[in-house]
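Architecture at a glance
If you want the building blocks of each chain, they are given just below.
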There are 2 protein chains.
Amino acid sequence: MRTLKTALVQHSHSPDRSANVAQSLDAIRQAAQSGAQLVVLSELHTSPYFCQVEDPRFCALAEPIPGPLTDVFSASARENKVVLVGSFFERRAAGLYHNTAVVFESDGSLAGQYRKMHIPDDPAYYEKFYFTPGDLGFHAIPTSVGKLGILICWDQWYPEAARLMALDGAEILIYPTAIGWNPAEDEAEKERQLDAWVTIQRSHAVANCLPVLSVNRIGFEPSPAGASGIQFWGHTFAAGTQGECLAQAGHKEAETLLVDLDLDRTEEVRRLWPFLRDRRIDAYGDLTKRFRDRKKKGSGFGVQ
Amino acid sequence: MRTLKTALVQHSHSPDRSANVAQSLDAIRQAAQSGAQLVVLSELHTSPYFCQVEDPRFCALAEPIPGPLTDVFSASARENKVVLVGSFFERRAAGLYHNTAVVFESDGSLAGQYRKMHIPDDPAYYEKFYFTPGDLGFHAIPTSVGKLGILICWDQWYPEAARLMALDGAEILIYPTAIGWNPAEDEAEKERQLDAWVTIQRSHAVANCLPVLSVNRIGFEPSPAGASGIQFWGHTFAAGTQGECLAQAGHKEAETLLVDLDLDRTEEVRRLWPFLRDRRIDAYGDLTKRFRDRKKKGSGFGVQ
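A quick note: this is a predicted structure, and the numbers were derived from the prediction, not measured.

Within chain A, the secondary structure is distributed over six helices and 15 strands. When its C-alpha atoms are laid out on the principal axes, chain A stretches across 65 × 50 × 40 Å. Burial status across chain A gives 61% buried among its 304 residues. For chain A, the share of sequence-separated contacts (at least 6 apart) that also reach a separation of at least 24 residues comes to 68%. Computed over 32 positive and 38 negative side-chain charges, the inter-centroid distance for chain A is 7 Å.

This is the structure:
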């Protein structure tokens, strides 16, 4: 059995960048001491979730990759001999920014990066203002602990993204995330949202027979715009290859989940449930359409 | 609020076809009397699940569509003024059979049919012997109660199928199903399988902001080949547009779930979670590949 010990780091994040970095470095060190070989941090873990408002000043938080900030995490990966998944606000050029995950090899080198492909934009999550949609596509990143299918937050709602990573040979699906409740929402709606979030990610495990790691932040962050703010809901979790819950954090406490993944289980489960064998690729062409509009004869509307 | 009362009919099925048909007709009548406007039967509800063994004699069960068997259900739909989803072993020509769902309009006419696209084949589910994979594609069927995205059993594991139905304008996803446990399996595995089955279907609701109806059979059916047989696990259920469970049957009792669907909720939820807005159709092309094989330079293997 090919076991991989993983660490999922759930924190809150303040406006003090050095404090955010320090708590991540501490968690990485402790995880490594506990035997973790792969450590995953949450989305944009060096700052508050600044996308609650559209303010060009926040673009000053962006950093080049590689750059001074990723150098710190490179060093941490090397010193602790872990493969590390970090998440950064990438400055690619003046006025060109991405929401980018970086995979650090255990020797400190950059194994690869993934630029968030699906960018949300809804009240309190104004990401389209900040982040240019990724242009690197969906590619699994080879590392010493396996091929990692890194996706980010909003990507988690798209089965297409998970599937493309699986088709690319990913052995684990990994979602750094920043998602929470609008505190003004009623309790039933909050519960539906959280449950939907867990369900859709567990389903990527099921559909692709792959383990899924999802790492979210906690804490209440007030809105700079005077809106309700966001209560980040935590619930960082690991699911096994049949979508079964292996471990789950709560919604309030900073904690690091240590989870053993059985990387041989995918082969077993895919023999039992050979979904990849039977995909109807001859009939999937319209997945690349926005919608299957009907041609309304003579109306002039509904062209494909 | 556009409410649709639906009925999900969960039964066991014996080798006595007329008894199977009679219990379906009874259930349809009772559901209509309770106000149901849409009634869904389970997969291949006129016979035991004959695919536990590969035996050409079972091909005698197949019927043309339309034909005497569907005429009976046409009449039932008309008499009870319900839209009805039935599931049949279709004889299209000598040696050419499909696993086909038929949608009957409330006036008894055939609204449309769907031929199961993904065909399973694993121990006790030897469907590739009997059923030619569907050649009608994934198309929602317009009816007087809305556009129905009918899919069948093994299709439920494929997010691609659900998405194509959503892109085709489906307002409800409907899965007639025949799935169960190998009684020889251990309890933990049984639980994982059932939970995976519920999770993947609820996830289609989440990903597409559509209600999902899944109708399974119950009962133990022995294997004609002397294998373990199948304990069909029931758990017929309805999920709402955020994947929330609206109603679920048990695993032992024949029952009809009556569930009110709010068909206006999709529009609301899709405004909240505009997943369709952000699909990266420019980067989904490889979904029509079997696998993203790597070209190994000079090896002669791994061509695309």
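Next comes the rest of the account.
Attention shifts here to the sheet that holds strand β2 (residues 38-40) of chain B. Residue and element names in this part refer to chain B. Taken together, six strands build an open sheet; the order of strands is β5-β4-β3-β2-β1-β15 and the sheet is mixed. With one partner strand each, in any of the chains shown, β5 (110-115) and β15 (255-262) form the two edges of the open sheet. Each neighbouring strand pair of the sheet contributes to a mean axis angle of 30°, computed without reference to strand direction. By the bridge criterion, eight bridges tie strand β1 (residues 3-10) to β15 in an arrangement that is antiparallel. When the bridges of β15 are listed, Thr3 appears paired with Asp262.

Another point: the relation of the copies chain B and chain A. For the pair chain B and chain A, the relating rotation is 180°, the translation along its axis is 0.0 Å, and the fit reaches an RMSD of 0.0 Å. In symmetry terms, the pair is related by a two-fold rotation axis. Comparing contact sets, 100% of the residues at the interface of chain B also lie at the interface in chain A, consistent with an isologous, same-surface contact.

A word on the environment of Asp278(B). Structurally, the position occupied by Asp278(B) is in the segment after α6 (265-272). Residue Asp278(B) is classed as buried on the basis of its relative accessible area, which comes to 6%. Setting aside residues no more than four positions away along its own chain, Asp278(B) makes contact with His118(A), Ile119(A), Pro120(A), Lys128(A), Trp154(A), Tyr158(A) and Arg290(A). Engagement of the side chain of Asp278(B) in a polar contact is seen with the side chain of Arg277(B), the distance being 2.8 Å.

Between two aromatic rings, the relevant description is the distance of the centres plus the angle of the planes. A complete count under the given rule lists 48 aromatic pairs over all chains for this structure. For the ring pair Trp157(A) and Trp273(B), a centre distance of 4.9 Å and an interplane angle of 35° mean the geometry is tilted. Pair noted here: Trp157(A) is in the loop between β7 (146-150) and α4 (159-167) and Trp273(B) is in the segment after α6, and the two residues belong to different chains. As far as burial versus exposure is concerned, Trp157(A) and Trp273(B) are alike and both buried. An aromatic cluster is present here, built from Phe50(A), Phe58(A), Phe89(A), Tyr97(A), Phe129(A), Tyr130(A) and Phe131(A) joined pairwise through their rings. The ring of Phe232(A) carries Arg217(A) above its face, with NZ or CZ at 5.3 Å from the centroid.

It is worth spelling out the pairing of strand β10 (residues 212-215) of chain B at this point. Two faces, one strand: in a regular strand the side chains alternate between the faces of the sheet. Residue and element names in this part refer to chain B. Here β10 shows two buried faces, one formed by Val212 and Ser214 and the other by Leu213 and Val215. The pairing of strand β8 (residues 172-176) with β10 spans four bridges and is classified as parallel. Looking at β10, one finds that Tyr175 is bridged to Ser214. Alignment of β10 against strand β13 (residues 237-239), held across three bridges, turns out to be antiparallel. Note that in β13 the partner of Ser214 across the bridge is Phe237.

Residues and elements named next belong to chain B. Here helix α2 (residues 68-80) is 13 residues long and its end C-alpha atoms lie 19 Å apart, about the 18 Å a rise of 1.5 Å per residue gives. Listed as buried for α2 are Leu69, Thr70, Phe73, Ser74, Ala75, Ser76, Ala77 and Asn80. Those residues of α2 that are buried are in contact with α1 (17-33), β3 (83-93), β4 (96-104) and β5. Lys81 sits one or two residues past α2 and shows a positive phi near 55°.

Now for the interface of chain B and chain A. If you look at the interface, chain B gives 59 residues, while chain A gives 59 residues. Summed over both sides, the interface between chain B and chain A buries roughly 5,900 Å², with carbon and sulfur atoms accounting for 56% of that surface. Inspection of the chain B/chain A interface yields twelve salt bridges. At the boundary of chain B and chain A, one finds 41 residue pairs in polar contact (both at pLDDT 80 or more). Put simply, the parts of the chain that give the side of chain B that touches chain A at least two residues each are α4 (159-167), α5 (187-208) and α6 of chain B. Counted by class, the side of chain B that touches chain A contains 27 nonpolar, ten polar and 22 charged residues.

Procedures and definitions
- Residues numbered from 1 in each chain as written.
- Chains lettered and ligands numbered in written order.
- Predicted model: local features only at pLDDT ≥ 70, side-chain atom pairs only at ≥ 80, totals over all residues.
- Heavy atoms only, no water.
- Helix = DSSP H or I, 4+ residues; strand = E, 2+ residues; numbered from the N terminus.
- Buried < 20%, exposed > 50% of the residue type's maximum accessible area, 1.4 Å probe, protein only.
- Contact = heavy atoms within 4.5 Å.
- Lys, Arg positive; Asp, Glu negative; His and termini not counted.
- Charge placed at Lys NZ, Arg CZ, Asp CG, Glu CD.
- Pairing = 2+ DSSP bridges.
- Axes fitted to C-alpha atoms, helices over the stretch in contact; angles between N-to-C directions.
- Least-squares fit on C-alpha atoms with pLDDT ≥ 70 in both.
- Polar contact = N/O pair within 3.5 Å; in protein donor to acceptor, adjacent residues only side chain to side chain.
- Phe/Tyr/Trp six-rings, centres within 6.5 Å; stacked < 30°, edge-to-face > 60°.
- Lys NZ or Arg CZ within 6 Å of the ring centre and 35° of its normal.
- Expected span 1.5 Å × (residues − 1).
- Buried area = accessible area lost by both parts, 1.4 Å probe.
- Salt bridge = Lys/Arg side-chain N within 4 Å of Asp/Glu carboxyl O.
- Nonpolar A, V, L, I, M, F, W, Y, C, P; charged D, E, K, R; others polar.

Just geometry here; none of it tells us what the structure is for.
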